[in-house]
Amino acid sequence: GAGVSQSPRYKVAKRGQDVALRCDPISGHVSLFWYQQALGQGPEFLTYFQNEAQLDKSGLPSDRFFAERPEGSVSTLKIQRTQQEDSAVYLCASSLTPEGGYEQYFGPGTRLTVT
Amino acid sequence: GNSVTQMEGPVTLSEEAFLTINCTYTATGYPSLFWYVQYPGEGLQLLLKATKADDKGSNKGFEATYRKETTSFHLEKGSVQVSDSAVYFCARPGRAGGFKTIFGAGTRLFVKA
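Novice: So, the interface of chain A and chain B: which residues are in play, and what are the values?
Specialist: With 23 residues of chain A at the interface, the matching set in chain B holds 18 residues. With both sides pooled, the region where chain A packs onto chain B buries about 1,600 Å², and carbon together with sulfur makes up 56% of that total. Across the contact surface, chain A and chain B share zero salt bridges. Our count for the chain A to chain B interface comes out at three residue pairs in polar contact (both at pLDDT 80 or more). Secondary-structure elements contributing two or more residues to the side of chain A that touches chain B are strand 4 (31–37) and strand 5 (44–50) of chain A.

Novice: Tell me about the sheet that holds strand 7 (residues 65–68) of chain A, residues and numbers included.
Specialist: All names here are of chain A. The sheet built from four strands is open, its strands ordered 1-3-8-7 with antiparallel pairing. The outermost strands of the open sheet, each flanked by one partner alone, are strand 1 (5–7) and strand 7. Each strand axis lies, on average, 15 degrees off the axis of its neighbour in the sheet, ignoring direction. Across four bridges, strand 7 lies against strand 8 (residues 75–79) in antiparallel orientation. Looking across to strand 8, one finds that Ala67 is bridged to Leu77.

Novice: Can you lay out the environment of Arg9(A) for me, pointing to particular residues and giving the numbers?
Specialist: Along the polypeptide, Arg9(A) turns up in the loop between strand 1 and strand 2 (10–13). Taking C-alpha positions, Arg9(A) is 17 Å from Ile26(A), a pair spaced 17 residues apart along the chain. Once residues lying within four places of it in the same chain are set aside, the contact partners of Arg9(A) are Pro108(A), Gly109(A), Thr110(A), Arg111(A) and Gly41(B).

Novice: I'd like a description of the sheet that holds strand 9 (residues 75–77) of chain B, backed by residues and values.
Specialist: Residues and elements named next belong to chain B. Spatial ordering of the open sheet is given by 3-9-8-7, a layout of four strands whose pairing is antiparallel. Two strands in the sheet have a free side with no partner beyond their single neighbour: strand 3 (19–21) and strand 7 (56–59). Going from strand to strand, the sheet's axes swing by 20 degrees on average, the running direction of each strand aside. Relative to strand 9, strand 3 runs antiparallel, the two being bridged by three bridges. Note on strand 9: the bridge partner recorded for Thr20 is Glu76.

Novice: Go over the nonpolar core, please, and point to the residues and values.
Specialist: Residues Leu19(B), Trp35(B), Leu47(B), Leu48(B), Phe73(B), Leu75(B) and Tyr88(B) are the most contacted members of the largest nonpolar core, which totals 26 residues. Elements supplying a minimum of two residues to this core: strand 2 (11–14), strand 3, strand 4 (23–26), strand 5 (33–38), strand 6 (45–50), strand 8 (62–65), strand 10 (86–93) and strand 12 (107–112) of chain B. Leaving out residues up to four positions away in the same chain, Leu19(B) has contacts with Val11(B), Leu13(B), Phe62(B), Leu75(B), Glu76(B), Lys77(B), Val80(B) and Leu109(B). Of all hydrophobic cores here, the second largest spans 20 residues; its members include Leu21(A), Leu46(A), Tyr90(A) and Cys92(A).

Novice: Describe the packing of aromatic side chains, listing the residues and the values that go with them.
Specialist: What the rule picks out here adds up to 14 aromatic pairs over all chains. Ring geometry for Phe106(A) and Tyr36(B): centres 5.6 Å apart, planes at 80 degrees, overall edge-to-face. Taken together, the positions of Phe106(A) in strand 10 (residues 105–106) and Tyr36(B) in strand 5 put the pair across two chains. Across the pair, exposure class does not vary: Phe106(A) and Tyr36(B) are buried alike. Between Phe106(A) and Phe103(B), the ring centres sit 6.0 Å apart and the planes meet at 75 degrees, which makes this aromatic pair edge-to-face. On the criterion of chain membership, the pair formed by Phe106(A) in strand 10 and Phe103(B) in strand 11 (residues 101–103) is interchain, its members lying in two chains. Phe103(B) shares its class with Phe106(A); the two are buried. Linked through ring pairs, Phe33(A), Tyr35(A), Phe45(A), Tyr48(A), Phe106(A), Phe34(B), Tyr36(B), Phe89(B) and Phe103(B) together constitute an aromatic cluster.

The rules we used
Residues numbered from 1 in each chain as written. Chains lettered and ligands numbered in written order. Predicted model: local features only at pLDDT ≥ 70, side-chain atom pairs only at ≥ 80, totals over all residues. Heavy atoms only, no water. Contact = heavy atoms within 4.5 Å. Buried area = accessible area lost by both parts, 1.4 Å probe. Salt bridge = Lys/Arg side-chain N within 4 Å of Asp/Glu carboxyl O. Polar contact = N/O pair within 3.5 Å; in protein donor to acceptor, adjacent residues only side chain to side chain. Helix = DSSP H or I, 4+ residues; strand = E, 2+ residues; numbered from the N terminus. Pairing = 2+ DSSP bridges. Axes fitted to C-alpha atoms, helices over the stretch in contact; angles between N-to-C directions. Core = buried A, V, L, I, M, F, W, Y, C linked by side-chain atoms within 4.5 Å. Buried < 20%, exposed > 50% of the residue type's maximum accessible area, 1.4 Å probe, protein only. Phe/Tyr/Trp six-rings, centres within 6.5 Å; stacked < 30°, edge-to-face > 60°.

Here you go:
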């Protein structure tokens, strides 16, 4: 079946613009994660959904970042008033079970460049 | 705190050479440990995992043994191929019962023909 998909794959935004990044997880996966990956670094956790409930948003770097998953499937990460430091690859991952020790399936990421 | 530290890259090897990528972790208790791989232009994918101390995870010729005495989970392969060129990430859950995964910084591997 299809894996995790993300769109757009690339996004260039001018500083101050709002952006919305979409994630389509694997059908039936309960858990959905967003990560931020800076160049040359490992992914850094942003937020976690179990179905439609956002159970952990401790990694969101500021109140400009907002994520939702209203029907427990597709998720959107929104960044308001983008800043240059927001430039990174944003990764979405899904997992069949809620437990943190199980395999996560990653999408290809959205590369955001803020100019 | 809880963290994962892996050796800096890039690592450059010739085909059929032996590979070791070091990974150590800090934790209370014995969390599951993972290696993920990111091939060029693709998303991360799970390579192998170990769920308890002394377990050995293995896949595609890669192995890693969960060693609680040295808090390590080093990745090894006896004979690398050009197709193994990728970035490798060591990872662990953030805390028992939690949801986040903590990743190391990644080690880029180049394999020359």
